[in-house]
Amino acid sequence: MKHETERIESRFLEPACGNGNFLAEVLRRKLAVVNGRYSKNQVEWERYSIMAVSSIYGVDILEGNAQECRDRLLSI
C-alpha cells in the first residue's frame, strides 16, 4: 500500500468504509506526499491536493457511517 499512496493519482475504493479509518490513513499519506513534493509551489500544491482527495472513494450501506466518513476526511 505504501507504494500506491505515494502515487497521488492512484485510486482507492473502500466498499465498506464505516467511519473511514482506512480512507483517512490513505488521505493522510497522500497529502504528506503532496506537502513533501509541492510545498514550495502553491498552484501545484493545490492541484495535487485536489487530485489526492478526488481519488478516494468510500461506500457504506448505512447513511450515518458514510456521513461520518465524509466528516472525518473533511477534517483532515
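Here the structure is shown first, and the text comes after it.
Just so it is clear, the model here is predicted, and its values are computed rather than measured.

Caption draft 1: Structural view of the side chain of E14. One can find E14 in strand 1 (residues 12-14). Within the buried core, E14 has no salt-bridge partner, and the shortest N-O distance to an opposite charge, that of R72, equals 11 Å. Once residues lying within four places of it in the same chain are set aside, the contact partners of E14 are F22, L23, Y57, G58 and V59.

Caption draft 2: Geometry of the side chain of K30. Looking at where K30 falls in the secondary structure, it is placed in helix 2 (residues 21-38). In this structure K30 is buried but unpaired, with E9 as the nearest side chain of opposite charge at 7.1 Å. A polar atom in the side chain of K30 sits 2.6 Å from the side chain of S55. Excluding its chain neighbours within four sequence positions, the residues that come into contact with K30 are T5, R7, I8, E9, S10, F12, A52, S55 and I56.

Caption draft 3: Structural view of the pattern of salt bridges. Taken as a whole, this structure holds 6 salt bridges when the rule is applied. For R28, the salt bridge identified is with E25, shortest N-O distance 3.7 Å. Taken together, the residues R28 and E25, both in helix 2 and 3 residues apart, mark about one turn of the helix. Looking at R28, the relative accessible area reads 41%, which means it is partly exposed. A salt bridge links E25 to R29; its shortest N-O distance comes to 3.0 Å. Of this pair, E25 and R29 are both found in helix 2, 4 residues apart, which corresponds to roughly one turn of the helix. A relative accessible area of 34% places R29 in the partly exposed class.

Parameters at a glance
Every residue gets a number counted from 1 within its own chain, in the order that chain's sequence is written. Whole-chain, interface and lining totals are the exception, using all residues; otherwise, since this is a predicted model, local features are given only for residues with pLDDT of at least 70 and side-chain atom pairs are given and counted only at 80 or more. Calculation of side-chain values draws on the structure's entire complement of heavy atoms; hydrogens and water are dropped beforehand. A helix here means a DSSP run of H or I that spans at least four residues, while a strand means a run of E at least two residues long, and both kinds are numbered starting from the N terminus. A 1.4 Å probe rolled over the protein chains alone gives each residue an accessible area, and that area as a share of the maximum for its type sets the label: buried under 20%, exposed over 50%, partly exposed in between. In summary, the charge assignment counts Lys and Arg as positive and Asp and Glu as negative, without counting His or the chain termini. By salt bridge we mean one thing: a side-chain nitrogen of Lys or Arg within 4 Å of a carboxyl oxygen of Asp or Glu. In this description, contact between two residues means that some pair of their heavy atoms is separated by no more than 4.5 Å. Pairs of N or O atoms are called polar contacts if they sit within 3.5 Å, as long as, within protein, a hydrogen donor faces a hydrogen acceptor (for residues adjacent in sequence, only side-chain-to-side-chain pairs).

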